[in-house]
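Residues per chain are reported as follows:
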Amino acid sequence: MTNEIKEILIYGHASGPNPWKVIMVLEELELPYKHKLLEMSEIKQEPYIHLNPNGRVPTIEDPNTGITLWESGAIIEYLIDTYDKERKLSIDTFPEKYHLKQFLYFQSSGQGPYYGQLAWFKAFHPEKIESAIARYEDQAIRVVAVLDKILQGKEYLVGNRITYADIAFVSWEVTIRKMIPDLDERAERLYPNYLAWFRRVSARPSVKRTLKLKSEAMA
Ligand SMILES: N[C@@H](CCC(=O)N[C@@H](CS)C(=O)NCC(=O)O)C(=O)O
């Protein structure tokens, strides 16, 4: 089936975690794709903002269906609905189908933005504002604690097997380790369910492949 599918074009950026989150799903589903890496300045200008007026990556263009789509969560839902017919990364039964969406929304609104703000205030903001750094580090750790509690006695977030819900979190979990370098050490003591899950999902060949592509892109 994969042979009949034309390459999906994804616009991304070397260091930004959100495009890599989508690439992990493309890799898992073994879909053909081409990754067009943009510079930060290109993301804010024509011709790219014609595709995505929000001036952020990722965006995909899928010649198989004619869709142009941005927002990484929406792209993942689209890829799952369109291409995961064998339910490799999804579950279609009730209530799991909705729990998958719950975790994708939690990731997109509860993990990504807090981790992103921590990265911004720690690494990019021109002034060092300790209260902002403390606020977002507290929030990042709170998200870790929530995940740890959810994962008590479980290997995966939904249905006791890997799904797009687990995959969606990994890219930001990798990035946040640069902002909280002792996170693994802290998690070993305080958040062992979370840490075991993070290591389990990160060990997947698709995730490892994606992270290798990312480090090559950043070199
Ligand atoms: N909610 C968006 C966030 C996209 C986003 O912020 N992407 C970052 C890269 S990870 C970006 O384009 N940054 C450029 C900028 O902030 O100007 C999504 O999930 O797709």
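Each residue is numbered by its place in its chain's sequence as written, counting from 1. In view of the model being predicted, local features appear only for residues whose pLDDT reaches at least 70, and side-chain atom pairs are presented and counted only at 80 or more, with totals across whole chains, interfaces and linings using the full set of residues. Values reported for side chains reflect all heavy atoms of the structure, with hydrogen atoms and water molecules removed beforehand.

- If you check an unreviewed UniProt entry, the protein appears there as glutathione transferase from Ophiobolus disseminans.
- UniProt positions are given in the numbering used here, feature names are shortened, and annotations may be inferred rather than shown by experiment. Reading the Sequence similarities (unreviewed entry) entry of the UniProt record for the protein gives the comment "Belongs to the GST superfamily."
- The Catalytic activity (unreviewed entry) comment attached to the protein in UniProt states, word for word, "RX + glutathione = an S-substituted glutathione + a halide anion + H(+)".

A few points about the site of the ligand
Here's step 1: Close to the ligand lie G16, P17, N18, P19, M40, K44, R56, V57, P58, E71 and S72.
Here's step 2: Between the ligand and the protein, one listed contact pairs a nitrogen atom with a side-chain N or O atom of E71 at 2.8 Å.
Here's step 3: Here a polar contact is recorded for every N or O atom pair within 3.5 Å, except that within protein the pair must consist of a potential hydrogen donor and a potential acceptor, and residues adjacent in sequence are included only if both atoms are side-chain atoms. Separating an oxygen atom of the ligand from a side-chain N or O atom of S72 is a distance of 2.6 Å.
Here's step 4: Here a cavity means grid points, on a 1 Å grid over the protein atoms only, where a 1.4 Å probe fits yet cannot get out; a pocket means an open set of points with protein on both sides within 12 Å along at least five of seven lines; lining residues are those with an atom within 4 Å of a point. For a cavity or pocket, the test is whether more than half of a molecule's atoms lie within 2 Å of its grid points; if they do, the molecule sits there. Most atoms of the ligand, that is more than half of them, are within 2 Å of grid points of the largest pocket. In these notes, residues near a molecule or strand are those with any non-hydrogen atom within 4 Å of it.

What about the pattern of salt bridges?
Where charged atoms of side chains with opposite charge meet at close range, the side chains can pair.
Here's step 1: Only one rule defines a salt bridge in this text: a Lys or Arg side-chain nitrogen within 4 Å of an Asp or Glu carboxyl oxygen. Under the definition given, this model contains 14 salt bridges.
Here's step 2: Ionic pairing is found between E137 and R186, a salt bridge with its closest N-O pair at 2.9 Å. Taken together, the positions of E137 in helix 6 (residues 130-150) and R186 in helix 8 (residues 183-190) put the pair 49 residues apart, joining distant regions of the chain.
Here's step 3: Only protein chains enter the accessibility calculation, which uses a 1.4 Å probe; a residue whose area is less than 20% of its type maximum is buried, one above 50% is exposed, and one in between is partly exposed. A residue is classified by how much of its surface remains accessible, and R186, at 21% relative accessible area, is partly exposed.
Here's step 4: Here E216 ties to K212 by a salt bridge, and the two come within 3.0 Å at their closest N and O atoms. In this pair, E216 and K212 both sit in helix 10 (residues 205-218), four residues apart, roughly one turn of the helix.
Here's step 5: Linked through salt bridges whose partners overlap, the residues forming this network are E173, R177, D184, E188 and R199. Runs of H or I in DSSP of at least four residues are treated as helices and runs of E of at least two as strands, each being numbered from the N terminus.

A closer look at the packing of helix 4 (residues 72-83) against helix 5 (residues 96-124)
Here's step 1: Helix 5 packs onto helix 4 with a crossing angle of 155° between their chain directions and a minimal axis gap of 10 Å. As summarised for this structure, helix 4 and helix 5 are arranged roughly antiparallel, according to the angle between their axes. The two elements helix 4 and helix 5 meet at a crossing, and its hand is right-handed. Contact residues: G73, I76 and E77 in helix 4; K101, L104, Y105 and S108 in helix 5. Axis angles are defined between N-to-C directions and span 0 to 180 degrees, where every axis is a line fitted to C-alpha atoms and, for a helix, only to the segment in contact. Any angle that is under 35 degrees is reported as roughly parallel, and any over 145 degrees as roughly antiparallel; angles of 65 to 115 degrees are reported as roughly perpendicular and all others as oblique. Each crossing is labelled by how the near helix is turned from the far one, with a counterclockwise turn of less than a right angle marking it left-handed and a clockwise turn marking it right-handed. Contacts are assigned to residue pairs with any non-hydrogen atoms lying within 4.5 Å of each other.

Concerning the side chain of D84
Here's step 1: Relative to the helices and strands, D84 is located in the loop between helix 4 and helix 5.
Here's step 2: Positive charges come from Lys and Arg alone, negative charges from Asp and Glu alone, with His and the N- and C-terminal ends not counted. Of the buried charged residues, D84 lacks a salt bridge, with R87 as the closest side chain of opposite charge at 5.0 Å.
Here's step 3: Only 2.7 Å separates the side chain of D84 from the backbone nitrogen of K88, close enough to count as a polar contact.
Here's step 4: Side chain to side chain, D84 and S90 meet in a polar contact 2.7 Å long.
Here's step 5: Among residues more than four places away in sequence, those in contact with D84 are L29, L79, L89 and S90.

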